[in-house]
Amino acid sequence: MDAMMSASREFFRQPSEEKQKCSNLVDGNGKHYQVEGYGSDKVVSEDHGLNWNDRLHLRVEPEDERNFAKWPSQPESFRDVLHEYASKTKKLRDLVLRSIAKLLDIDEDYFVNQISNKASGFARLYYYPPCPRPDLVLGLRPHSDGNLLTILFVDDDVGGLQVQRDGKWYNVPAKPHTLVINLGDCLEIMNNGIFRSPVHRVVTNTEKERLSLAMFYAVDEETVLEPAPGLLDDKRPPRYRKMLTKDFVAGLFEHFRQGKRFIDTLKI
Ligand SMILES: O=C(O)CCC(=O)C(=O)O
Ligand SMILES: [Fe+2]
């Protein structure tokens, strides 16, 4: 974990020219973005503020679809360290999914079996610089993760992550070497809303820089997203409409653009 965080810190500390070698801009004019690479997020609407962060977004799964052109060559250890980190978080993903299935009293492998070897996994490294006006700008706007499961690793003890419950924001404590596991919308649907995908955000602070690393795990685009049959009976009807994951992902982006949550529109 330390090696991963150090590699990330070294990457972000490099001069801009070096980081731009992994840029997420297609033509350098700031209009065409690609999913992978270094930069800030695409502006999808003029109505909301920008996020106060820089990020590097890289595909890690499926392994044979990694685009090394976007993986930093500096620091030199970066690729090996991310490779090792990603292989461990993938095992952790399966462990957590099995534990959730056990808690729900369904087949232990139910969720793991929903993930084919074509399912995607992304690493998203964030750098949140100190911000002179935390009252005006967020590090990351409120959202819920649209995927299955996110494994989040926050540098040292720099807080900032907050989770919303009944309209109020609560701080998520930051502790060294502690991972935060976030349920995504797809898992909320699959477990029929028993465990929810929380709305969260990151606030900025004036003094400290903050680094974090989110590993996002998804199901394959062709998977039918629906509540696990083992959780349904006459007394427990499905609470979400079923749909293909790829249609869900398309809906996610469209709704996010409008500042809404797609999952709310699927509730029965
Ligand atoms: O940086 C963080 O702590 C949170 C990141 C996050 O919520 C996300 O990438 O979806
Ligand atoms: Fe998130």
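- Looking at an unreviewed UniProt entry, the protein chain carries the name Fe2OG dioxygenase domain-containing protein, with the source organism given as Aegilops tauschii subsp. strangulata.
- Quoted verbatim from the Cofactor (unreviewed entry) field of UniProt, the annotation for the protein chain is "Fe cation".
- The record held by UniProt for the protein chain lists under Sequence similarities (unreviewed entry) the comment "Belongs to the iron/ascorbate-dependent oxidoreductase family."

**A short note on the sheet that holds strand β7 (residues 168-171)**
Next up, step 1: Read from one edge of the open sheet, 4 strands run β4-β9-β6-β7, paired in antiparallel fashion. Where the open sheet ends on each side, the last strands, each with one partner, are β4 (138-143) and β7. Strand after strand, the sheet turns through a mean of 30° between neighbouring axes, direction not considered.
Next up, step 2: One ladder, built from 3 bridges, connects strand β6 (residues 161-165) with strand β9 (residues 200-203); its direction is antiparallel. Residue pairing for β9: Q162 is matched across the bridge by R201.

**Remarks on the site of ligand 1**
Next up, step 1: Close contacts around ligand 1 come from Y126, Y128, L140, H143, D145, L152, H200, V202, R210, S212 and F216, and that covers them all.
Next up, step 2: At a separation of 2.7 Å, an oxygen atom of ligand 1 approaches a polar side-chain atom of Y128.
Next up, step 3: Between ligand 1 and H200, the relevant distance is 3.0 Å, taken from an oxygen atom to a side-chain nitrogen or oxygen of the residue.
Next up, step 4: When ligand 1 sits alone it has 300 Å² of accessible area, and the protein chains cover 97% of it.
Next up, step 5: At the level of secondary structure, the elements contributing two or more residues to the shell around ligand 1 comprise β3 (121-128), β4, β9 and β10 (210-217).

**Structural notes on the UniProt feature "domain: Fe2OG dioxygenase" (unreviewed entry) in the protein chain**
Next up, step 1: According to UniProt, the "domain: Fe2OG dioxygenase" (unreviewed entry) feature falls on residues 118-219.
Next up, step 2: With 6% helix and 45% strand, the stretch residues 118-219 has end C-alpha atoms that lie 8 Å from each other.

**A word on the side chain of Q162**
Next up, step 1: Its location among the elements puts Q162 in strand β6.
Next up, step 2: Judged by its relative accessible area of 10%, Q162 is buried.
Next up, step 3: Of note is the side chain of Q162, whose polar atom sits 2.8 Å from the side chain of R201.

**Thoughts on the sheet that holds β3**
The pairing of strands in a sheet comes from backbone hydrogen bonds and takes either a parallel or an antiparallel form.
Next up, step 1: Reading across from one edge, β1-β2-β3-β10-β5-β8 is the order of the 6 strands in this open sheet, with antiparallel pairing throughout. The open sheet has two edge strands, β1 (37-39) and β8 (179-183), and neither has a second partner. Here the strands of the sheet are splayed against their neighbours by 15° on average, with no regard to which way each runs.
Next up, step 2: Pairing of β3 with β10, which is carried by 8 bridges, proceeds in the antiparallel orientation. When the sheet's bridge partners are listed, R124 is paired in β10 with A214.
Next up, step 3: Each of β1, β2 (54-61), β3, β5 (149-154) and β10 is contacted by helix α1 (residues 2-13), which is oriented at about 115° to β10, the strand it contacts most.

The rules we used
Chains are numbered independently. Their residues run from 1 in the order of the written sequence. Chain letters and ligand numbers both follow the written order, the letters beginning at A and the numbers at 1. Restriction of local features to residues with pLDDT of at least 70 applies here, the model being predicted, together with a cutoff of 80 or more for giving and counting side-chain atom pairs; totals for whole chains, interfaces and linings are based on all residues. Working from all heavy atoms in the structure, the side-chain values ignore hydrogens and water. UniProt positions are given in the numbering used here, feature names are shortened, and annotations may be inferred rather than shown by experiment. Note on pairing: two strands pair once DSSP finds at least 2 bridges between them. Strands are runs of DSSP state E lasting at least 2 residues, helices are runs of H or I lasting at least 4, and numbering of each runs from the N terminus. For helices, the fitted axis covers only the stretch in contact; all axes are lines through C-alpha atoms, and the angles between them, taken along N-to-C directions, range from 0 to 180 degrees. Proximity is defined per residue: any heavy atom of the residue falling within 4 Å of a molecule or strand makes that residue near it. Side-chain atoms alone can form a polar contact between residues adjacent in sequence; in general such a contact is a pair of N or O atoms within 3.5 Å, and within protein one must be able to donate a hydrogen while the other accepts it. Surface accessibility follows the Shrake-Rupley procedure with a 1.4 Å probe radius. Residue values consider only the protein chains on display as shielding. Here the term buried applies to any residue with accessible area under 20% of the maximum for its type, exposed to any over 50%, and partly exposed to those in between, with areas from a 1.4 Å probe on protein chains only. Note on contacts: a residue pair qualifies if any of its non-hydrogen atoms lie within 4.5 Å across the two residues.

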